Amino acid sequence: MAAAVDDKDLKRCCRLLNYYTEGSVYKVLGRTYNKENAACLVHMLEEKRGKEILAEVEKYNDNCTPVQKDMLLFTVALCMKSKDSELKQHANKIFLLLCKTAKELFTFIQFHKKLSGDTNSRGYGRSLRRTLNEWYNRQDPMDLAILVMKESASGGWSHANVLRLAHIKGKSEGTAIILKYLVKGMEELKKLGEQPENVQKVVDYLKTIHSVRNSTDEHQVARLIEQHHLGKQQVLPALLNSKEIWGALVSEMSVGEVLENFNKLASVGFLEIAHDGSKKIVEMLRSEEILQKSNIQPIDVVMALSAYEHGKAGKVTWMRNEAVIDALNFALESTMKVNESNNTKSTNKRYLIGVRVGSNTKKSTVRGTQSLPSLVAASAIAMITARKEDKVQLVYFADKATELTLTSESSLKEISEEISKQILVSAALPPVGSGDTPKQPCDLAAPIRWATENSKKIDVFINITDSLDRTGDITPSKALMQYRKEMNMPKAKLVSCGLCNANMKTADPNDPRMIDIAGFDATVPIIINKFILDEC
């Protein structure tokens, strides 16, 4: 009997590390890291199973999303709070393996402090001090200088805070100089005389970054960015409205970083036809070699394309450049081919994607993004799935489901047009219910019912909606259970994606083959793929 409980705990642990929930809801926004939301980890630690937890952390570290990295860091911080000295020592080693950036360091320290429950602590325990000391001292001084100057503060923490609280001293001459600069500033560098060549290189780099961070001279900063391969983190925010600065930055940026900053590039006029910078971007987006090496996901391109085509993000507007739009469309097609061949292999499952968007008139963009419309998000999931998988069907639903055309060649525009026609049809349907708040028809069980009535063998149901209303006589979870029984498909899964909802509340929390996704961002297609491949 005990072995079954143990196995259940380990499965919950894996689910937590994969989806930041041991229950049924993956949240794009509003994640809270605490013991209450990680009860399975607490229970396993009480049962002396910490080594199993850390073994899973190591396994997931090889290929994790940024969301997962935070969850892994929290898990290691929790293990470090154990009274088992051997487990703490093992957790320290895993932390050094996990923590690659200063931001991750600050995230981990915040988790550790929160778990300590002592917000007024004036220092760290011996074990944590030793681990932090090793994190700063294990690296080559030049590599450390680049790392700490790239991100000097995050989440209310800075290197100066950490170094003071942990009493960290540099073991090499170069590291000692870096740490003194981080705590005391430029005055410490001014005291130095001539240093050995390798140490002088570090000193010169620190002085350069200090100069960039305090300069308002566009020409000087642009020149230093190009000379020292610097990023936007080192530049004063006021200078990020300069085309010249972005011209220097873009030369050092990956395609992924360009896409992340696409709205800003557009808003400062960098992508305008008359500006040479637009030609750099077009060339980058049209290079199959660059795209193949970049490992970006199709959804990253979709999000940049949707915002740019729209001509605004929030209150910021810009003039569209058709050459840039063509290049983004080229990049989208190219990344889907790359993903088909290299990254996201086919699951060989049969899919039914159900879409109900366009009914939420209060919010036109999805929760978790600035400017991605619900229609585009739903169409993108359908398109990406159809390119990757051989057996995908698409339906639009309101009170019932209607099958739409979807092939492996369907473009984002074609799918959006198909869905748009159904939005108009649904808008003419009468509201459901009576009283002051009648609801727009949105029966989340309709796609499952359609599959049952048409004897469709489906392994994965994906429902996507921006509606806040729920109608129908049966819940999606009950409809799925009936479908499994009637169609002899006991392992059929359900993914419910609420584009504008904090919590869909459609999945049965006790059924590991159901998951709700609240909101949308670039991690969602990855999470869906992980969930489908998960042999639960």
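The following refers to the structure shown. (Residues numbered from 1 in each chain as written. Predicted model: local features only at pLDDT ≥ 70, side-chain atom pairs only at ≥ 80, totals over all residues. Heavy atoms only, no water.)

## What to know about the overall build of the chain
Scanning the chain for helices and strands turns up 25 helices and eleven strands. Over its C-alpha trace the chain gives a radius of gyration of 26 Å, about what one expects of a compact globule, namely 24 Å for 536 residues. Along the three orthogonal principal directions, the C-alpha set of the chain runs to about 80 × 70 × 50 Å. Taken across its 536 residues, the chain has 53% of its residues classed as buried. Separation of charge centres in the chain, based on 74 positive and 66 negative side chains, amounts to 5 Å. (Helix = DSSP H or I, 4+ residues; strand = E, 2+ residues; numbered from the N terminus. Rg over C-alpha atoms; globule rule 2.2 N^0.38 Å. Buried < 20%, exposed > 50% of the residue type's maximum accessible area, 1.4 Å probe, protein only. Lys, Arg positive; Asp, Glu negative; His and termini not counted. Charge placed at Lys NZ, Arg CZ, Asp CG, Glu CD.)

## Thoughts on the pairing of strand β9 (residues 460–465)
By the criterion of burial, β9 is predominantly enclosed, with six of the six residues buried. Burial along β9 is two-sided: V460, I462 and I464 facing one way and F461, N463 and T465 facing the other are all buried. Taken together, the six bridges between strand β6 (residues 350–356) and β9 define a ladder with parallel strand orientation. Bridging from a neighbouring strand, I353 pairs with I462 of β9. A crossover connection joins β9 to the parallel strand β10 (residues 493–498) through helix α24 (residues 476–487); in handedness this β-α-β unit is right-handed. (Pairing = 2+ DSSP bridges. Right-handed = clockwise from strand over helix to strand, strands pointing away.)

## Describing the sheet that holds β9
What the seven strands build is an open sheet, ordered β1-β11-β10-β9-β6-β7-β8; its pairing is mixed. A single partner strand is all that each edge strand has here, and the edge strands are β1 (25–27) and β8 (401–404). The mean inter-strand angle of the sheet, taken between neighbouring strand axes irrespective of direction, is 20 degrees. Summarising the sheet, β6 and strand β7 (residues 391–397) pair through six bridges and their orientation is parallel. In the sheet register, R350 faces β7, and the bridge partner there is K391. Each of β6, β7 and β8 is contacted by helix α22 (residues 412–427), which is oriented at about 30 degrees to β7, the strand it contacts most. The sheet strands contacting helix α23 (residues 446–453) are β6, β7, β8, β9 and β10, and the helix crosses β7 at an angle near 120 degrees. (Axes fitted to C-alpha atoms, helices over the stretch in contact; angles between N-to-C directions. Contact = heavy atoms within 4.5 Å.)

## Quick word on the nonpolar core
Within soluble globular proteins, side chains that are nonpolar generally end up buried alongside one another. Within the largest apolar cluster, 154 residues are counted, with the highest numbers of intra-cluster contacts made by V76, F95, L132, Y136, F262, L328 and F520. Setting aside residues no more than four positions away along its own chain, F95 makes contact with V76, M80, L105, F108, T131, L132 and W135. (Core = buried A, V, L, I, M, F, W, Y, C linked by side-chain atoms within 4.5 Å.)

## Focus: the side chain of S467
For S467, the location among the structural elements is in the loop between β9 and α24. Exposure remark for S467: the relative accessible area of 2% places this residue in the buried category. A distance of 3.0 Å separates a polar side-chain atom of S467 from the backbone nitrogen of D469. (Polar contact = N/O pair within 3.5 Å; in protein donor to acceptor, adjacent residues only side chain to side chain.)

## Some details on the pattern of salt bridges
The tally for this structure, following the rule as stated, stands at 15 salt bridges. Its salt-bridge partner being E86, residue K51 comes within 2.9 Å of it at the nearest N-O pair. With a gap of 35 residues between them, K51 in helix α3 (residues 50–61) and E86 in helix α5 (residues 85–98) connect regions that are remote in the sequence. Here E272 ties to K243 by a salt bridge, and the two come within 3.9 Å at their closest N and O atoms. With E272 in the loop between α16 (262–267) and α17 (276–285) and K243 in helix α14 (residues 243–250), the pair connects residues that are 29 residues apart, well separated along the chain. (Salt bridge = Lys/Arg side-chain N within 4 Å of Asp/Glu carboxyl O.)

## Thoughts on the packing of α3 against α5
With their axes 10 Å apart at the nearest point, α3 and α5 run at an angle of 10 degrees to one another. Classed by the angle they form, the pair α3 and α5 counts as roughly parallel. Residue-level contacts link G50, K51, L54, V57, E58 and N61 of α3 to E86, L87, H90, A91, I94, L97 and L98 of α5. (Parallel < 35°, antiparallel > 145°, perpendicular 65-115°, else oblique.)

## Let's talk about unusual backbone geometry
Phi angles above zero are rare outside glycine, and Y20 is one such case at about 50 degrees. If you trace the backbone, Y20 turns up in the loop between α1 (2–19) and β1. In this model, N348 sits at a positive phi of 60 degrees, which is unusual for a non-glycine residue. Take N348: it is sitting in the loop between α20 (322–343) and β6.

## What to know about the environment of S267
Turning to its location among the elements, S267 is positioned in helix α16. With relative accessibility at 28%, the residue S267 sits in the partly exposed group. A sequence separation of 46 residues divides S267 from A313, and the C-alpha atoms of the two residues are 8.9 Å apart. Discounting residues that sit within four places of it in the chain, S267 has contacts with V316, T317 and W318. Among the polar contacts listed, one links the side chain of S267 to the backbone oxygen of K264, at a separation of 2.9 Å.

## Quick word on the packing of aromatic side chains
Going through the model one piece at a time under the given rule, you end up with ten aromatic pairs. Ring centres of Y19 and F531 lie 6.1 Å apart, and the angle between their planes is 70 degrees; this geometry places the pair in the edge-to-face category. You can see Y19 sitting in helix α1 and its partner F531 sitting in helix α25 (residues 524–533), a full 512 residues away along the chain. Here Y19 and F531 have matching classes, each one buried. Seen from their ring centres, Y33 and F74 are 6.1 Å apart, and the 45 degrees between their planes marks the pair as tilted. With Y33 in the loop between β1 and α2 (39–46) and F74 in helix α4 (residues 66–80), this residue pair connects regions lying 41 residues apart in the sequence. For Y33, a relative accessible area of 11% puts it in the buried group. Exposure remark for F74: the relative accessible area of 1% places this residue in the buried category. A cation over a ring is seen here: K59 above Y60, with NZ or CZ 5.9 Å from the ring centre. The lysine or arginine in question, K493, covers the ring of F531, its NZ or CZ lying 4.9 Å from the ring centre. (Phe/Tyr/Trp six-rings, centres within 6.5 Å; stacked < 30°, edge-to-face > 60°. Lys NZ or Arg CZ within 6 Å of the ring centre and 35° of its normal.)

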